[in-house]
Amino acid sequence: MAPAPPADGTAEVWWAHRQDAAERYLALLDETERRRWAAYRRDADRERFLVGCVLAKAALAGYAGLRPADVRFDRTCRQCGEPHGKPAFAGYGLGHSVAHSGDLVAVAVAGDPVGVDVEQVDGRSHPLGGDGDPESLGRLVLSAAEQDALAQVPSSGRARAFLTAWTRKEAVTKATGDGLRAAFSEVVVAVDAGPPRLAAWPYPRDPGEVTLLDLDAAPGYVAALAVLGRCAAVAPRDGSALLAELP
Ligand SMILES: CC(C)(COP(=O)(O)OP(=O)(O)OC[C@H]1O[C@@H](n2cnc3c(N)ncnc32)[C@H](O)[C@@H]1OP(=O)(O)O)[C@@H](O)C(=O)NCCC(=O)NCCS
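In what follows, the accompanying structure is described. (Residues numbered from 1 in each chain as written. Predicted model: local features only at pLDDT ≥ 70, side-chain atom pairs only at ≥ 80, totals over all residues.)

Residues in contact with the ligand amount to 20 residues; listed here are only the nearest, Cys-80, Lys-86, Val-98, Gly-179 and Leu-180. At the level of secondary structure, the elements contributing two or more residues to the shell around the ligand comprise helix H2 (43-64), strand E2 (95-101) and helix H5 (158-176). Ranked by residue count, the leading element in the shell around the ligand is E2, at four residues. Its residues assigned to classes, the shell around the ligand shows eight nonpolar, seven polar and five charged. Formed jointly, the shell around the ligand draws a minimum of three residues from each of two domains, domain 1 (8-111 + 235-247) and domain 2 (113-229). (Near = placed C-beta within 6 Å. Helix = DSSP H or I, 4+ residues; strand = E, 2+ residues; numbered from the N terminus. Nonpolar A, V, L, I, M, F, W, Y, C, P; charged D, E, K, R; others polar. Domains from an automatic or database assignment.)

Structure below.
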């Protein structure tokens, strides 16, 4: 049975693995997406792209009452016009966002603009930021208060703490569609002991209207979700099972 659209004020996050990639899914890509897929040199990158793209189509098709092959994205970059921007699916009142890292792929769907980010913490193929020092990276992308909070974390937990802060910021900037173009040090998350909350950002809209949530990702990963509006609950969904049902 097709899933109903996420209830008002809620979001759903579909989780899958790059290992779910199957050749038959290539039939669901449009020409631009096939070119993107073919241009990746590493198998793992091709798999992450394919699973993210097809999972987004399968999930949105269910909400919109379409066939996955009929879900088309406008990927026009606001900056340069090339087809590598935030994928837009217009006409159904649904916002969505795709993230992949390591073996994990996430697709978030909500009734408002949404951003999801996931980062592998353990077993990364490249150390964090090249030299593996979360504090030097923090000086580039964290506000002064966030840098102070990171410095209080014991060194064994600092990479996880940095990546937690990073996923929250990237979720927000993916929801706005700016991505890494935004000044991350100005996307400030409150550092008190309460749940994550956007304290300041470089946009006119009140940051209090943004919902920011940490997600339960697989062990060894951190993930966050941002909704530009109210989001009272997030339901996790089995994206691997959804993909397996595709013909
Ligand atoms: C979007 C962005 C933050 C993703 O960062 P990442 O950590 O490498 O990748 P993630 O797994 O978190 O997210 C990737 C997905 O985000 C989506 N995405 C791409 N651009 C996006 C944007 N501007 N806003 C929100 N989402 C975006 C895509 O679905 C992408 O998946 P795909 O490549 O499989 O299609 C980053 O690539 C970015 O900021 N890109 C734009 C940079 C830019 O504007 N450069 C100038 C070009 S002219």
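Okay, the packing of helix H1 (residues 31-39) against H2 next. Where H1 contacts H2, the axes come no closer than 8 Å and their chain directions differ by 155°. In terms of orientation, H1 and H2 fall into the roughly antiparallel class. The chirality of how H1 crosses H2 is right-handed. Residues Glu-33, Arg-36 and Trp-37 of H1 form the contact with H2, whose own contacting residues are Arg-46, Phe-49, Leu-50 and Cys-53. (Axes fitted to C-alpha atoms, helices over the stretch in contact; angles between N-to-C directions. Parallel < 35°, antiparallel > 145°, perpendicular 65-115°, else oblique. Left-handed = near helix turned anticlockwise from the far one by under 90°. Contact = placed C-beta atoms within 7 Å.)

Attention now moves to the packing of helix H3 (residues 134-141) against helix H4 (residues 144-151). With their axes 9 Å apart at the nearest point, H3 and H4 run at an angle of 165° to one another. Relative to H4, H3 is oriented roughly antiparallel. For the crossing formed where H3 meets H4, the hand is right-handed. In this structure, H3 contributes Pro-134, Glu-135, Gly-138 and Arg-139 to the contact, and H4 contributes Gln-147, Leu-150 and Ala-151. The residue makeup of the contact of H3 with H4, split by class, is three nonpolar, two polar and two charged.

This part is about the sheet that holds strand E7 (residues 211-215). On the basis of which strands lie adjacent, the open sheet formed by three strands has the order E4-E8-E7 and antiparallel pairing. For this open sheet the edge positions go to strand E4 (114-120) and E7, each flanked by a neighbour on one side alone. Averaged over all pairs of adjacent strands, the angle between strand axes in this sheet comes to 15°, irrespective of strand direction. Strand direction decides the pairing type here: E7 and strand E8 (residues 221-227), joined by five bridges, are antiparallel. Bridge pairing in E8 links Leu-212 to Ala-226. Against the sheet, H5 touches E4, E7 and E8, its axis set at about 155° to E4. (Pairing = 2+ DSSP bridges.)

The element E2 is extensively covered by neighbouring structure, given that seven of its seven residues are classed as buried. Neither face of E2 is open: one carries Gly-95, Ser-97, Ala-99 and Ser-101, the other His-96, Val-98 and His-100, and all of them are buried. Two strands pair when backbone bridges link them, and E2 and strand E3 (residues 104-110) are joined in this way by seven bridges, in the antiparallel orientation. The partner of His-100 across the bridge, within E3, is Val-105. Remark: two residues form the turn of the hairpin made by E2 and E3, two consecutive strands paired antiparallel; Gly-102 in that turn has positive phi of roughly 55°. (Buried ≥ 20, exposed ≤ 12 C-beta atoms within 10 Å, placed from the backbone.)

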